[in-house]
Amino acid sequence: MKEVKIIGESIPNMPWQARPEGHLKPLWRHSDNPVIKRNPAKDVARIFNSAVVAYEGKFIGVFRTETDTTRPHLRMGYSEDGLDWKIDDEPIMFIDEEGKPYQPRYAYDPRLVKVEDTFYIIWCTDFYGAAIGVAKTQDFKTFTILENPFLPFNRNGVLFPKKINGNFVMLSRPSDSGHTPFGDVFLSESPDFVYWGKHRHVMTKGGEGWWQNVKIGGGPAPIETSEGWLMFYHGVTGTCNGLVYSMGGVILDRDEPSKVKYRSRNFVLTPEEWYEERGFVPNVVFPCATLNDAETGRIAIYYGAADTYVGVAYTTVQDIVNYIIDTHEEVGDDATIGRI
Ligand code: BMA
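Description of the structure in this document. (Residues numbered from 1 in each chain as written. Predicted model: local features only at pLDDT ≥ 70, side-chain atom pairs only at ≥ 80, totals over all residues. Heavy atoms only, no water.)

Overview of the sheet that holds strand S10 (residues 143-145)
So, point 1. Strand order in the open sheet formed by 5 strands is S6-S10-S9-S8-S7, with mixed pairing between adjacent strands. For this open sheet the edge positions go to strand S6 (94-95) and strand S7 (107-115), each flanked by a neighbour on one side alone.
So, point 2. Here S6 pairs with S10 via 2 bridges, running parallel. Considered in S10, the bridge of Ile95 is made with Thr144. (Pairing = 2+ DSSP bridges. Helix = DSSP H or I, 4+ residues; strand = E, 2+ residues; numbered from the N terminus.)

Describing the sheet that holds strand S20 (residues 285-293)
So, point 1. The 4 strands lie next to each other as S1-S22-S21-S20, forming an open sheet whose pairing is antiparallel. Of all strands in the sheet, those with a lone pairing partner are strand S1 (28-29) and S20, marking the two edges.
So, point 2. Where S1 lies against strand S22 (residues 309-316), 2 bridges are found, and the strand directions are antiparallel. The residue of S22 that forms the bridge with Arg29 is Ala313.
So, point 3. Here helix H2 (residues 317-326) sits on the sheet in contact with S1, strand S21 (298-305) and S22, set at roughly 85 degrees to S22. (Contact = heavy atoms within 4.5 Å. Axes fitted to C-alpha atoms, helices over the stretch in contact; angles between N-to-C directions.)

Details of the site of the ligand
So, point 1. Taken together, Asn49, Arg64, Tyr108, Asp109, Tyr245, Val281, Val284, Phe286 and Asp307 form the complete shell of residues around the ligand.
So, point 2. Contact between the ligand and Arg64: an oxygen atom at 2.7 Å from a side-chain N or O atom of the residue.
So, point 3. If the ligand stood free it would expose 310 Å²; the protein chains cover 87% of that surface.
So, point 4. Taken together, the residues of the shell around the ligand sort by class into 5 nonpolar, 1 polar and 3 charged. (Near = heavy atom within 4 Å. Polar contact = N/O pair within 3.5 Å; in protein donor to acceptor, adjacent residues only side chain to side chain. Areas by Shrake-Rupley, 256 points an atom, 1.4 Å probe, with all protein chains shown as cover. Nonpolar A, V, L, I, M, F, W, Y, C, P; charged D, E, K, R; others polar.)

A word on H2
So, point 1. Most of H2 sits inside the fold, with 7 of its 10 residues counted as buried.
So, point 2. For H2, every residue scored as buried is listed here: Val317, Gln318, Ile320, Val321, Asn322, Ile324 and Ile325.
So, point 3. Looking at the buried residues of H2, the elements they touch are strand S16 (223-225), strand S17 (228-239), strand S18 (242-252), strand S19 (260-263), S21 and S22. (Buried < 20%, exposed > 50% of the residue type's maximum accessible area, 1.4 Å probe, protein only.)

Digging into the packing of aromatic side chains
So, point 1. Scanning the model with the defined rule gives 22 aromatic pairs in all.
So, point 2. When the ring of Trp16 is compared with that of Tyr314, the centres are 5.4 Å apart and the planes differ by 70 degrees; the resulting orientation is edge-to-face. Taken together, the residues Trp16 in the segment before S1 and Tyr314 in strand S22 connect sequence positions 298 residues apart.
So, point 3. Looking at Trp16, the relative accessible area reads 22%, which means it is partly exposed.
So, point 4. When the ring of Tyr55 is compared with that of Phe140, the centres are 4.9 Å apart and the planes differ by 75 degrees; the resulting orientation is edge-to-face. Placement of Tyr55 in strand S2 (residues 46-55) and of Phe140 in the loop between strand S9 (130-137) and S10 is noted, with a sequence separation of 85 residues between them. Each member of the pair, Tyr55 as well as Phe140, is classed as buried. (Phe/Tyr/Trp six-rings, centres within 6.5 Å; stacked < 30°, edge-to-face > 60°.)

Considerations on the nonpolar core
So, point 1. Of all hydrophobic cores here, the largest spans 38 residues; its most connected members are Phe94, Ile121, Phe140 and Tyr302.
So, point 2. Ranked by the residues each element gives to this core, the list is headed by S2, at 5 residues.
So, point 3. Sequence-distant contacts of Ile121, defined by excluding residues within four places in its chain, comprise Val62, Leu74, Ile92, Phe94, Pro110, Arg111, Leu112, Gly133, Val134, Ala135 and Phe143.
So, point 4. Counting residues in hydrophobic clusters, the runner-up holds 25 residues, among them Ile6, Leu27, Leu230 and Phe232. (Core = buried A, V, L, I, M, F, W, Y, C linked by side-chain atoms within 4.5 Å.)

Remarks on the pairing of strand S11 (residues 154-159)
So, point 1. Extensive coverage of S11 is indicated by the burial of 6 of its 6 residues.
So, point 2. Inspection of the sheet shows S11 paired to strand S12 (residues 168-174) by 4 bridges, in the antiparallel sense. Within the sheet, the bridge partner assigned to Leu159 lies in S12 and is Met170.

Thoughts on unusual backbone geometry
So, point 1. In the segment running from Asn33 into Pro34, the intervening peptide bond is cis, with an omega of -10 degrees.
So, point 2. Among the structural elements, Pro34 can be located in the loop between S1 and S2.
So, point 3. Looking along the chain, the bond that leaves Pro152 and enters Phe153 is cis, with omega of -5 degrees.
So, point 4. If you check the backbone angles, Ile340 has positive phi at about 70 degrees while not being a glycine.
So, point 5. Here Ile340 is to be found in the segment after H2.

Side note on the pairing of strand S3 (residues 58-66)
So, point 1. In terms of burial, S3 is largely enclosed, as 8 of its 9 residues are buried.
So, point 2. For S2 and S3, the ladder comprises 8 bridges, and the chain directions are antiparallel. Within the sheet, the bridge partner assigned to Val52 lies in S3 and is Gly61.
So, point 3. As paired elements, S3 and strand S4 (residues 72-79) share 8 bridges and run antiparallel to each other. What sits directly across from Thr65, in S4, is His73.
So, point 4. What sits between the antiparallel neighbours S3 and S4 is a turn of 5 residues, in which Thr70 has the positive phi angle 65 degrees.

And the structure:
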């Protein structure tokens, strides 16, 4: 087993349960999943695909909430322990860069990432169709919407938690206007969070594993480790009963993250429990955030389950990185920077 370390902060009070005895898989689920159940807040029918961070000794999150209209929007939530969440009664109210109110028509699948002293929210927004929306906050009171980084159609914007070679780096998954039947992960850089370029292809769908043969999309913000950037992502396959969303694991090069170093041919989590198999959209696990403890190597993954619930799964950096290395395969242009 390779010795692997998380490079980053420690969160000693993050949620954690040890690997159950005899459990052989790379991830294990929180014993009291789902941690967010149906009808969890005022006028909210379902919360899923949501993002959390450690904040001032506690936990704070941006949640994909759906009311009885089923149109998604974002709300803040707060937790002492990262498991029991109090969700705001109202949506996040955004302003534009001139200070005027500016509400997205819909907002879903948020990621929440701290770079230097600023928290960025990245979500799927309406910009003449599905596209990446971005906003920033420093105090979780004022939320400023920034320029749309990319043209439509695009989803799964995932920001790296630190600048690389002086630039912000964001993954995304260019797509179409509907339930995209294709899609690879790309990377773009920006010196100022306004102009994005140096676009690169990171990874393609497919390979030995059928679970990711229709499309893939980035997940939580990548975790810096001594082996490279560890990222969980979703991979989708088609069946006679519709799409199935599983979770994969990949390690990207630390200095040139458009190069894939290792990628598991196996899913690391797939719908197996009732709350993943049954719900508004059956058979979906969709990771959007992790909490990581550099001191112990513990990782807690927050994932949407069946477009209805929030689940938590655990692993350690040592276990998951070694699993990805042991089961890795090279697919397409994984080994290149992806410029052609
Ligand atoms: C994707 C997104 C996700 C959702 C998934 C499964 O296209 O819309 O929000 O979890 O489909 O329905």
